[in-house]
Amino acid sequence: MLRMSPARAFSNTGQASEVDLALGKLGVTPAMSQRVVTDPTIGAAVAASMRGDLTLGEISPEEWIARERVVGESLAELGLPMFDQGDVVKMAEMGVGIYDRFVPSLPKETARKQLLKACEQAGLKLYAGNNKDGDYDGERIATVSGIFTLDYASIFRPTNTEQHPYVLTYGDQWHWATEQGGDGFSTAEEAIYMAFLRPKVEIGYLPYMGGSIRCQNTYGSDLSLNVRWYAGGGLYVYSWRRSDASWALWALPRKFRALGA
């Protein structure tokens, strides 16, 4: 079936070229505009924005399944396994929201390498140009099939006047993350997937300036891993002392529901 870009819908009124040009100036490629047609939540978000309603808080199970299918296909093109559609349907039957994203199962030994490689394939610059130099080793943790809840607009944003979770030690950040409704904070693998790869694939760009996400993976006895993204340096995994309370360290609350839980 031949699909029409949103801009082409104006062709009968002679406005197609003007819309194409305007979208192009805003950094919207033809592939991005096509997702208004193929991804129901993107289409609904665009429609809501045009109506002046910038809050999109609900999604039906059918729309959620369709969104995850589209995203899963895109991730499969980047080298990750296709989402098990039976698992996606099972999660939808348990109840889903607009900020719930499906996480595929990846083995401990290769999960981080696979995710970094997929980020590179998606157009995210890796530190020193490759995932070997961009990965500081440390504990490796498998990803588990399930749902991770995250509003992309919350990434790297503080939650109070003290700018927390910035300027907190590992233990204090962990406590902060539980107060946000998380089971502590994320693993490095989950952070790469949820805060970098998914938004790049789902909305086409990273919705923030950059920063570092402290993770639960250990590195020796007194350090843990963090995942960093800066436009100049790119995406990479590094380590940080647990006792440090840095202005540069954010944390991603692990709001996760495993398949079958």
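## Some words on the pattern of salt bridges
Here's step 1: Applying the stated criterion to the full structure yields 14 salt bridges.
Here's step 2: For E73, the salt bridge goes to R69, with nearest N and O atoms at 3.4 Å. Here R69 and E73 lie together in helix α4 (residues 61–77), a separation of four residues that amounts to about one turn.
Here's step 3: Since its relative accessible area comes to 37%, E73 is described here as partly exposed.
Here's step 4: Between R241 and D222 there is a salt bridge whose closest N-O contact spans 2.6 Å.

## Some points on the sheet that holds strand β6 (residues 249–251)
Here's step 1: Read from one edge of the open sheet, four strands run β5-β4-β3-β6, paired in mixed fashion. With one partner strand each, in any of the chains shown, β5 (234–241) and β6 form the two edges of the open sheet. Taken pair by pair, the neighbouring strands of this sheet meet at an average axis angle of 45°, ignoring direction.
Here's step 2: For strand β3 (residues 211–219) and strand β4 (residues 223–230), the ladder comprises six bridges, and the chain directions are antiparallel. Each residue of the ladder has a partner; that of R214, found in β4, is N226.
Here's step 3: Against the sheet, helix α8 (residues 188–202) makes contact with β3, β4 and β5, and its axis sits at roughly 155° relative to β3, the strand it touches most.

## Observations regarding the nonpolar core
Here's step 1: Of all hydrophobic cores here, the largest spans 50 residues; its most connected members are W64, L75, F196, L197, I213 and V227.
Here's step 2: If you tally residues by element for this core, the top one is α8, at nine residues.
Here's step 3: Lining this core are residues from two domains, each supplying at least three of them: domain 2 (58–105) and domain 3 (109–132 + 150–241).
Here's step 4: In this view, L75 contacts L80, F83, Y193, L197, R198 and V201; residues no more than four positions away in its chain are not counted.
Here's step 5: With six residues, the next largest nonpolar core counts L168, Y170, A177 and F185 among its residues.

## Some words on the sheet that holds strand β1 (residues 100–103)
Here's step 1: Strand order in this open sheet of three strands is β1-β2-β7, and the pairing throughout is antiparallel. The sheet is open, and its two edges are formed by β1 and β7 (256–258), each paired on a single side. Taking the axes of each pair of neighbouring strands and ignoring which way they run, one obtains an average angle of 25° across the sheet.
Here's step 2: Lying on the sheet, helix α5 (residues 85–93) is in contact with β1, β2 (146–149) and β7; it crosses β1 at an angle near 150°.
Here's step 3: Against the sheet, α8 touches β1 and β2, its axis set at about 110° to β1.

## Side note on the environment of D244
Here's step 1: Take D244: it is sitting in the loop between β5 and β6.
Here's step 2: Not counting residues within four places of it along the chain, the set of residues in contact with D244 comprises L168, T169, Y170 and R214.

## Things to note about the packing of aromatic side chains
Here's step 1: Applying the stated criterion across every chain, the model contains eleven aromatic pairs.
Here's step 2: Between Y170 and F185 the ring centres are 5.0 Å apart and the planes differ by 80°, which places this aromatic pair in the edge-to-face class. In this pair, Y170 is assigned in helix α7 (residues 170–179) and F185 in the loop between α7 and α8, connecting sequence segments 15 residues apart.
Here's step 3: Within the aromatic cluster, the residues linked to one another by ring pairs are F156, F196, Y208 and W250.
Here's step 4: Its guanidinium or amino end placed over the ring of Y152, R101 lies 3.9 Å from that ring's centre, counting from NZ or CZ.
Here's step 5: One Lys or Arg, R242, reaches over the ring of Y170 and ends 4.5 Å from the middle of that ring.

## Examining the layout of surface pockets
Here's step 1: As a volume, the second largest pocket reaches approximately 230 Å³.
Here's step 2: Along its surface, the second largest pocket is lined by 14 residues, and L150, S154, Q180, P253 and K255 are the ones closest to its centre.
Here's step 3: Class assignment of the residues belonging to the lining of the second largest pocket gives a composition of seven nonpolar, four polar and three charged.

## Let's talk about α7
Here's step 1: Buried residues of α7: Y170, Q173, W176 and A177, and no others. For α7, the arc enclosing every buried residue in end-on projection is 120°, short of the 170-degree limit, so these residues lie on one face.
Here's step 2: Taken together, the buried residues of α7 touch β3, β4 and β6.
Here's step 3: A positive phi of about 100° marks G181, the residue just after α7.

The rules behind each value
- Residues numbered from 1 in each chain as written.
- Predicted model: local features only at pLDDT ≥ 70, side-chain atom pairs only at ≥ 80, totals over all residues.
- Heavy atoms only, no water.
- Salt bridge = Lys/Arg side-chain N within 4 Å of Asp/Glu carboxyl O.
- Helix = DSSP H or I, 4+ residues; strand = E, 2+ residues; numbered from the N terminus.
- Buried < 20%, exposed > 50% of the residue type's maximum accessible area, 1.4 Å probe, protein only.
- Pairing = 2+ DSSP bridges.
- Axes fitted to C-alpha atoms, helices over the stretch in contact; angles between N-to-C directions.
- Contact = heavy atoms within 4.5 Å.
- Core = buried A, V, L, I, M, F, W, Y, C linked by side-chain atoms within 4.5 Å.
- Domains from an automatic or database assignment.
- Phe/Tyr/Trp six-rings, centres within 6.5 Å; stacked < 30°, edge-to-face > 60°.
- Lys NZ or Arg CZ within 6 Å of the ring centre and 35° of its normal.
- 1 Å grid on protein atoms, 1.4 Å probe; cavity = no way out; pocket = protein on both sides within 12 Å on 5 of 7 lines; lining within 4 Å.
- Points joined across faces, edges and corners; volume = space filled by probe spheres on them.
- Nonpolar A, V, L, I, M, F, W, Y, C, P; charged D, E, K, R; others polar.
- Arc of directions from axis to C-beta.

Functional significance is not addressed by these values, which are geometric in nature.
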